Amino acid sequence: MKTIEVDEDLYRYIASHTQHIGESASDILRRMLKFTAGQSAPATAAPLAAGDTAQKTIQPVRAENRPQDRVRAVRELLLSDEYAEQKKAVNRFMMILSTLYRLDPSAFAEATASLQGRTRVYFAGDEQTLLQNGTHTKPKHVPGTPYWVITNTNTGRKRSMVEHIMVSMQFPQELAEKVCGTI
């Protein structure tokens, strides 16, 4: 396996296309590029030299940005077998956070930026920041995102965090309450 460096915005774009928890970046890219394992690269493709840039900027077309599609995506999560199989509140919490990020990474970033407790930071870009801002925080990486979240909070606090994020992302209040009720 090779390691490559990508810009933060490119990483977020790739991560936003996660379809299930635990999906690797390689799997996401294979799906996006319609590339199968063992397939050889086209003969005309040449690696970019240092300093070269691609001529076109590819902008994602995201149907999820329409309000009705975002609501449908959240409802589908709640009805999914994978969500129903989760026995722990923390696992449902993480699935919800992953889904909200995938639906609108920039709105998720804005919603989580202002979300913190009296003595704790709830979300950060790395585990160390959360460990420095509270004891016994049990930080976990939110799958498919560049975020870490503290998980050593009671279920009520997890619900409160999800509700804050969903309301900030302009989801209907009744949907936010329904989602929180499932945690």
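None of these values were measured; they are calculated from a predicted model.

Enquirer: Before we move on, could you go through the side chain of Lys 158 and cite the residues and values that matter?
Expert: Looking at the secondary structure, you find Lys 158 in helix α8 (residues 155-168). Among buried Asp, Glu, Lys and Arg side chains, Lys 158 stands out as unpaired, with Glu 163 the closest opposite charge at 15 Å. Not counting the four nearest positions on each side in its chain, Lys 158 is found in contact with Val 90, Phe 93, Thr 151, Thr 153 and Ile 183.

Enquirer: Got a sec to walk through unusual backbone geometry? Specific residues and values, please.
Expert: Here the phi dihedral of Lys 138 falls at roughly 50°; this positive angle occurs in a residue that is not glycine. Assignment of secondary structure puts Lys 138 in the loop between α7 (127-132) and β2 (139-141). The class for Lys 138 is exposed, based on a relative accessible area of 58%.

Enquirer: Break down the sheet that holds strand β3 (residues 148-150) for me, citing the residues and quoting the values.
Expert: Strands sit in the order β1-β3-β2 across an open sheet of 3 strands; the sheet is antiparallel. Of all strands in the sheet, those bounded by a partner on one side alone are β1 (123-124) and β2. Two elements, β2 and β3, share 3 bridges in a ladder whose sense is antiparallel. What sits directly across from His 141, in β3, is Trp 148. The strands that helix α5 (residues 89-103) touches are β1, β2 and β3; relative to β3, the one it contacts most, it runs at about 145°.

Enquirer: So, the packing of α5 against α8: which residues are in play, and what are the values?
Expert: Two numbers describe how α5 lies on α8: the axes approach to 11 Å, and their chain directions differ by 10°. Considering their axes alone, α5 and α8 lie roughly parallel with respect to each other. From α5, Ala 89, Val 90, Phe 93, Ile 96, Leu 97 and Leu 100 reach across to α8, where they touch Thr 155, Lys 158, Met 161, Val 162, Ile 165 and Met 166. Residue composition of the contact of α5 with α8, by class: 10 nonpolar, 1 polar and 1 charged.

Enquirer: Give me the lowdown on a nonpolar patch on the surface, citing residues and values where you can.
Expert: Taken together, the side chains of Ile 4, Val 6, Leu 10 and Tyr 11 make up a nonpolar region of the molecular surface, amounting to roughly 350 Å² of accessible area. Position of Leu 10 relative to the elements: it lies in helix α1 (residues 8-15).

Enquirer: Mind laying out the packing of aromatic side chains, listing which residues take part and the relevant values?
Expert: A full pass over the atoms with the stated rule returns 4 aromatic pairs. Ring plane angle 65° and centroid distance 5.9 Å describe the contact between Tyr 101 and Tyr 147, whose orientation is recorded as edge-to-face. Placement of the pair is Tyr 101 in helix α5 and Tyr 147 in the loop between β2 and β3, with a sequence separation of 46 residues. Each member of the pair, Tyr 101 as well as Tyr 147, is classed as buried. For Tyr 147, a relative accessible area of 12% gives the class buried. Chaining the aromatic ring pairs together yields one cluster made of Tyr 101, Phe 108, Phe 123 and Tyr 147. Sitting over the ring of Phe 171, Arg 70 keeps its end group 4.3 Å from the ring centre.

What counts and what doesn't
Residues numbered from 1 in each chain as written. Predicted model: local features only at pLDDT ≥ 70, side-chain atom pairs only at ≥ 80, totals over all residues. Heavy atoms only, no water. Helix = DSSP H or I, 4+ residues; strand = E, 2+ residues; numbered from the N terminus. Buried < 20%, exposed > 50% of the residue type's maximum accessible area, 1.4 Å probe, protein only. Lys, Arg positive; Asp, Glu negative; His and termini not counted. Salt bridge = Lys/Arg side-chain N within 4 Å of Asp/Glu carboxyl O. Contact = heavy atoms within 4.5 Å. Pairing = 2+ DSSP bridges. Axes fitted to C-alpha atoms, helices over the stretch in contact; angles between N-to-C directions. Parallel < 35°, antiparallel > 145°, perpendicular 65-115°, else oblique. Nonpolar A, V, L, I, M, F, W, Y, C, P; charged D, E, K, R; others polar. Patch = residues over 30% accessible without salt bridge, like charges linked within 9 Å, V, L, I, M, F, W, Y side chains within 5 Å. Areas by Shrake-Rupley, 256 points an atom, 1.4 Å probe, with all protein chains shown as cover. Phe/Tyr/Trp six-rings, centres within 6.5 Å; stacked < 30°, edge-to-face > 60°. Lys NZ or Arg CZ within 6 Å of the ring centre and 35° of its normal.

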